[in-house]
Each structure stands twice: as C-alpha cells, then as structure tokens.
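Okay, here's what each chain looks like letter by letter:
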Amino acid sequence: MAAPEQEPGGQRPAGLGQGGESPPASPPAAAMGDGPPAWSPASAQAASLLEEAAELLVLQRDFAAALERCEAGCGSLGPAPGPDSSCTEVKCSLCVVGIQALAEMNRWREVLSWVLQYYHRPEHLPPKILELCILLYSKVREPQVMLEVGSSWLKDQTNKSLPEYGSLLELYLLHVLLPLGRFEGAEELVYSCDVLDSEQKLAFVETICEKRCQWTQQEEMHSAHDEQEDKATETVLGALSQKLLTMLTLLRRTLRSMSSHFYVLPYKKMLLATFLLYLVVVRLDPASPTSLPFICKLVQLFRQAWAAVLSPIHRPPIQD
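Residues numbered from 1 in each chain as written. Predicted model: local features only at pLDDT ≥ 70, side-chain atom pairs only at ≥ 80, totals over all residues. Heavy atoms only, no water.

A. Region of the structure containing the overall build of the protein. Check the secondary structure of the protein and you find 11 helices and 0 strands. For the protein, the α and β elements follow one another from N to C terminus as α-α-α-α-α-α-α-α-α-α-α. Within the protein, buried positions represent 33% of all 320 residues. (Helix = DSSP H or I, 4+ residues; strand = E, 2+ residues; numbered from the N terminus. Buried < 20%, exposed > 50% of the residue type's maximum accessible area, 1.4 Å probe, protein only.)

B. Geometry of helix 2 (residues 63–76). Taking 1.5 Å per residue, 14 residues should reach 20 Å; helix 2 reaches 20 Å between its end C-alpha atoms and fits that length. For helix 2, the elements touching its buried residues are helix 1 (41–58), helix 3 (87–104) and helix 4 (111–119). The positive-phi residue at the C-terminal boundary of helix 2 is Gly 78, with phi of around 90°. (Expected span 1.5 Å × (residues − 1). Contact = heavy atoms within 4.5 Å.)

C. Quick look at the nonpolar core. Core analysis: the largest hydrophobic core is formed by 63 residues, its most contacted members being Ile 99, Trp 114, Ile 129 and Met 146. Examining the composition of this core, we find that 10 residues originate from one element, helix 3, more than from any other. The residues contacting Trp 114, other than those within four sequence positions of it, are Leu 67, Cys 70, Glu 71, Leu 94, Cys 95, Gly 98, Ile 99 and Leu 102. (Core = buried A, V, L, I, M, F, W, Y, C linked by side-chain atoms within 4.5 Å.)

D. Representation of helix 1. Look at helix 1: 26 Å from first C-alpha to last across 18 residues, which is about the 26 Å you get at 1.5 Å a residue. Within the sequence span of helix 1, burial applies to Ser 43, Ala 46, Ala 47, Leu 49, Leu 50, Ala 53, Ala 54, Leu 56, Leu 57 and Val 58. Lining the buried residues of helix 1 we find helix 2 and helix 3.

E. Main features of the packing of aromatic side chains. Enumeration according to the criterion identifies 4 aromatic pairs in this entry. Plain terms: the ring middles of Trp 108 and Tyr 137 are 6.3 Å apart, the flat faces sit at 75° to each other, and that makes the pair edge-to-face. Of this pair, Trp 108 sits in the loop between helix 3 and helix 4 while Tyr 137 sits in helix 5 (residues 127–139), and the two are 29 residues apart along the sequence. With respect to class, Trp 108 is no different from Tyr 137; both count as buried. Each ring, one from Trp 114 and one from Tyr 118, has its centre 5.3 Å from the other, and the planes form 80°; the classification is edge-to-face. Of this pair, Trp 114 and Tyr 118 both sit in helix 4, 4 residues apart, which is roughly one turn of that helix. Exposure remark for Trp 114: the relative accessible area of 5% places this residue in the buried category. Against the face of Tyr 119 rests Lys 91, its NZ or CZ located 4.6 Å from the ring centre. (Phe/Tyr/Trp six-rings, centres within 6.5 Å; stacked < 30°, edge-to-face > 60°. Lys NZ or Arg CZ within 6 Å of the ring centre and 35° of its normal.)

F. Fine view of the confidence of the model for the protein. On average, residues of the protein carry a pLDDT of 76, and 66% of them reach 70 or more. Across the protein, helix 5 holds the top mean pLDDT of 94, while helix 10 (residues 267–283) sits lowest at 62. When the criterion is pLDDT under 50, residues 1–36 qualifies, and its contacts beyond four places in sequence or with other chains add up to 57 contacts. (pLDDT = per-residue confidence, 0-100.)

G. Layout of the packing of helix 6 (residues 147–155) against helix 7 (residues 165–177). Closest axis-to-axis distance for the helix 6/helix 7 pair is 11 Å, and the angle between their directions is 155°. If you check the angle between helix 6 and helix 7, you find them roughly antiparallel. Between helix 6 and helix 7 lies a crossing whose hand is left-handed. Residues Leu 147, Gly 150, Ser 151, Trp 153 and Leu 154 of helix 6 pack against Tyr 165, Leu 168, Leu 169, Tyr 172, Val 176 and Leu 177 of helix 7. The residue makeup of the contact of helix 6 with helix 7, split by class, is 9 nonpolar, 2 polar and no charged. (Axes fitted to C-alpha atoms, helices over the stretch in contact; angles between N-to-C directions. Parallel < 35°, antiparallel > 145°, perpendicular 65-115°, else oblique. Left-handed = near helix turned anticlockwise from the far one by under 90°. Nonpolar A, V, L, I, M, F, W, Y, C, P; charged D, E, K, R; others polar.)

H. Summary view of the packing of helix 7 against helix 8 (residues 183–191). Where helix 7 meets helix 8, the closest approach of the two axes is 11 Å, and the angle between their N-to-C directions is 175°. Relative to helix 8, the element helix 7 lies roughly antiparallel. Residues Leu 169, Tyr 172, Leu 173 and Leu 177 of helix 7 pack against Gly 185, Ala 186, Leu 189 and Val 190 of helix 8. Residue composition of the contact of helix 7 with helix 8, grouped by class: 7 nonpolar, 1 polar and no charged.

I. Spotlight on unusual backbone geometry. With a phi angle near 70°, His 120 is a residue other than glycine that sits in the positive phi range. Locating His 120 in the fold gives a position in the loop between helix 4 and helix 5. Positioned with a positive phi, Arg 141 is a non-glycine residue whose angle comes to about 60°. Secondary-structure assignment places Arg 141 in the loop between helix 5 and helix 6.

J. Representation of the pattern of salt bridges. For the structure on display, the rule yields 7 salt bridges. Close ionic contact of Arg 61 with Glu 104 constitutes a salt bridge, the shortest N to O distance being 3.9 Å. Taken as a pair, Arg 61 in the loop between helix 1 and helix 2 and Glu 104 in helix 3 lie far apart in primary sequence, 43 residues in all. A salt bridge links Glu 184 to Arg 212, with the nearest nitrogen and oxygen atoms 3.7 Å apart. Of this pair, Glu 184 sits in helix 8 while Arg 212 sits in helix 9 (residues 198–263); the two residues are 28 residues apart in sequence, bridging distant segments of the chain. For Glu 184, a relative accessible area of 53% gives the class exposed. Assessed through its relative accessible area of 26%, Arg 212 is described here as partly exposed. (Salt bridge = Lys/Arg side-chain N within 4 Å of Asp/Glu carboxyl O.)

Right, here's the structure in full:
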C-alpha cells in the first residue's frame, strides 16, 4: 500500500530530460495535446522563464538563479489561473522547479510558505505540489508541517473528484498522520471518506492497526530504557555521594589532627629562637666571638623545636 518514496531534491520537473539532456523547446508541450492552444503573452513569458529555470537547475546547477526565474514566472501569471487555463500546468511546473531549487540550497523550511504565496490556500495546491511537499517534510522528519495543509486539502469537495485523491490520501496517512501517532484521526479520515470503497477502507484500517501496534511496542521499549537509565543514574549518584562523604570524613579527621598538633607546638621556644636569629643576623656580627654564645643557644633551641615537632606524641594518629 505504501506510496513509492521520492527524493524531494532529486525529482525532475515535467518536461526535463535525464542525464544532462537539453530540455525541450516548450516545457508544457506534453500537456498541450494535438493542437497547440492559443498562448497569452503572460503564458508565453512564463513558459520561457520555466525553460530558463529548468536549464539553470539541471544543467548549470545555479539554484538561486533558477529560483529567481520561477518567482518571476509565477508572478507574471497573476494570482490563480482557472483549472482549464493554459497557465495552470506552467505555474505548477514553475513551483516544482522552485521547490527543488530551495531544497538544493537547504532552504526546505521555506518551501511551504513559498508555495502558498502563489496559491494562497492549501486546498488550491495542485496534487503534484502537495505530494512533493509531503515527501519533502517527511524526508527531513518534520511531517507536522503538513498536518493542517493536508487535512484542508483532503476535506475540500473539489479535490475529492481528482484522480490523484486516493494516492494522496494514502501518502498523507503513511507520511504525516501515522508517524505523528495520530491514529484516531487517521481512522476518522478513512471512515468519513466517500471516495474509498469498503475494501480500500479495510486495507487502510489494517495498516493503521499495524502502525499502532508498532508505536505501542516502541513506547514500551523507550519506557523500559528510560527506567534502566534512571536506575543507573541513581546508582552512580549514590556511589559518588558515598565517595564524597568518605572523603569529607577523612578531610575532617585530618584537619582535626592538624589543629590539635599545632596547638601543642612550642611557640615560646620558636619565638625565642626567632628573636635570637634576629639579634645574630641583624644586630651582631656572626663572625664576631661575642656572637658565639647566641649562635649556640639558637642552634640548641632549633634542635629542641624540631624534636618537639617530630616527636611521636605530636604526630597525627593514623586511623583506618
């Protein structure tokens, strides 16, 4: 049932050759029939711009210039030609080339608004353009853009008489509603469609049920995966918290031992040794014999202070 997948950026507009062949002299000639219609000046100008745009897109790969030709051609045709007008096919082909140019320039987000500025309402879009837009936004994983546009087009009574209606309904279901999980809306659309017969409706409903089951299984798998990730995160956080608590406990014990150690240091002897060092170095001459008693006393004080600092009594206890 699935509609054939088309690459939005690789679709050739109507009338273009493959493999770099030159486009025909008149792009909309395939839709002209046996006898050539009477072309208005606007139609002839738009057809010429379409030919230039197709050549720029396919042969020269100048996408910006091709888009400019398409905009100029659509602008020359006026607001919206009638369904029997010779301008309809030209305008549709210009929009197809413009969509491809926008996609090639990675400006696919502008495609829908760019098309609607020439057709104004979603239900006025030609089937070819609607199909291209659905495939494009499905390809870039943003089918929600076409949700309202496709719904408006399918609800229009005039469009229901078109031969492409059934294929576009299937395309809208498979590429817009079902990927978004709109299963109730899809079933309602199928049941309310008068164009489909009972067999077609049954086939669509079976497809919707299959997609619903797949969606439910994926949600269950995602839920189980999220639960596992949450448990793993809690385990890691618990281990980190325990390690941090242990480190803080060891740090507190170390600081307590250091503080108790510094409280019992012989500060008086250290101050006396500092004062004697000041006298010997600053006030007296170390080489003088009169400084010898002070130097001996200074050395003795430093030895006593060093022994007091490194004695087993003052060493911090080692705890497991």
